[in-house]
Amino acid sequence: MALADAGFLDIDGHRIEYRFVGPQPDKAPTLVLLHEGLGCVGLWNDFPEKLAAATGAGVFVYSRAGYAKSSPVSLPRPLSYMHDEARETLAE
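Residues numbered from 1 in each chain as written. Predicted model: local features only at pLDDT ≥ 70, side-chain atom pairs only at ≥ 80, totals over all residues. Heavy atoms only, no water.

Caption draft 1: Expanded view of the overall build of the chain. Helices and strands together make up the secondary structure of the chain, namely 2 helices and 4 strands. Along the chain, helices and strands appear, N-terminal first, in the series β-β-β-α-β-α. Here the chain has a C-alpha radius of gyration of 13 Å; the compact-globule value for 92 residues is 12 Å, and the two agree. Here the C-alpha coordinates of the chain stretch approximately 40 × 25 × 20 Å along the principal axes. (Helix = DSSP H or I, 4+ residues; strand = E, 2+ residues; numbered from the N terminus. Rg over C-alpha atoms; globule rule 2.2 N^0.38 Å.)

Set out below in structure tokens:
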């Protein structure tokens, strides 16, 4: 599946905002950038472009559910939500 430069993915009942820079996953490795608890796609600024240019890899950034343009989530979240996301959501 080719990814657009920006858009949304429907994963596990959430609409996730993303941005993709560089070669598609079938052409080169893809680096996935994880923001800290309060970050989002927009806070990466031009770093994904610079990283793609320096490495030749594709760069995928996304906003966790509950942040930026991604769908909202029920609060409070469990303390393990970032670990849970890494194991479950990221795999999707």
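Caption draft 2: Spatial organisation of a nonpolar patch on the surface. A cluster of nonpolar residues, Val32, Leu34 and Leu90, forms a patch on the protein surface that exposes about 230 Å² of accessible area. Relative to the helices and strands, Leu34 resides in the loop between β3 (30-33) and α1 (47-55). Here Leu34 falls in the partly exposed class, since its relative accessible area comes to 45%. (Patch = residues over 30% accessible without salt bridge, like charges linked within 9 Å, V, L, I, M, F, W, Y side chains within 5 Å. Areas by Shrake-Rupley, 256 points an atom, 1.4 Å probe, with all protein chains shown as cover. Salt bridge = Lys/Arg side-chain N within 4 Å of Asp/Glu carboxyl O. Buried < 20%, exposed > 50% of the residue type's maximum accessible area, 1.4 Å probe, protein only.)

Caption draft 3: Representation of the environment of Glu36. Along the chain, the position of Glu36 falls in the loop between β3 and α1. A relative accessible area of 48% means that Glu36 is categorised as partly exposed. When sequence neighbours within four positions are dropped, the list of residues in contact with Glu36 reads Arg64 and Met82. (Contact = heavy atoms within 4.5 Å.)

Caption draft 4: Expanded view of the sheet that holds strand β4 (residues 58-62). Spatial ordering of the open sheet is given by β1-β2-β4-β3, a layout of 4 strands whose pairing is mixed. Edge strands, defined here as strands with exactly one partner in the open sheet, are β1 (6-11) and β3. For this sheet, the mean angle separating the axes of adjacent strands, direction not counted, is 30°. Two strands pair when backbone bridges link them, and strand β2 (residues 14-21) and β4 are joined in this way by 4 bridges, in the antiparallel orientation. Paired with Tyr18 across the two strands is Tyr62, which belongs to β4. (Pairing = 2+ DSSP bridges. Axes fitted to C-alpha atoms, helices over the stretch in contact; angles between N-to-C directions.)

Caption draft 5: How the structure looks around the pairing of β2. Burial runs high along β2: 6 of the 8 residues are buried. Connecting the antiparallel pair β1 and β2 is a turn made up of 2 residues, with Asp12 showing a positive phi of about 50°.

Caption draft 6: Quick look at the packing of aromatic side chains. Taken as a whole, this structure holds 3 aromatic pairs when the rule is applied. With centroids separated by 6.0 Å and ring planes inclined at 25°, the aromatic side chains of Trp44 and Phe47 adopt a geometry described as stacked. (Phe/Tyr/Trp six-rings, centres within 6.5 Å; stacked < 30°, edge-to-face > 60°.)

Caption draft 7: How the structure looks around the pattern of salt bridges. For the structure shown, the criterion picks out 5 salt bridges. When the shortest N-O distance is used, the salt bridge between Lys50 and Asp46 registers 3.5 Å. A salt bridge links Arg87 to Asp84; the shortest N-O distance between them is 3.0 Å. In this pair, Arg87 and Asp84 both sit in helix α2 (residues 81-87), 3 residues apart, roughly one turn of the helix.

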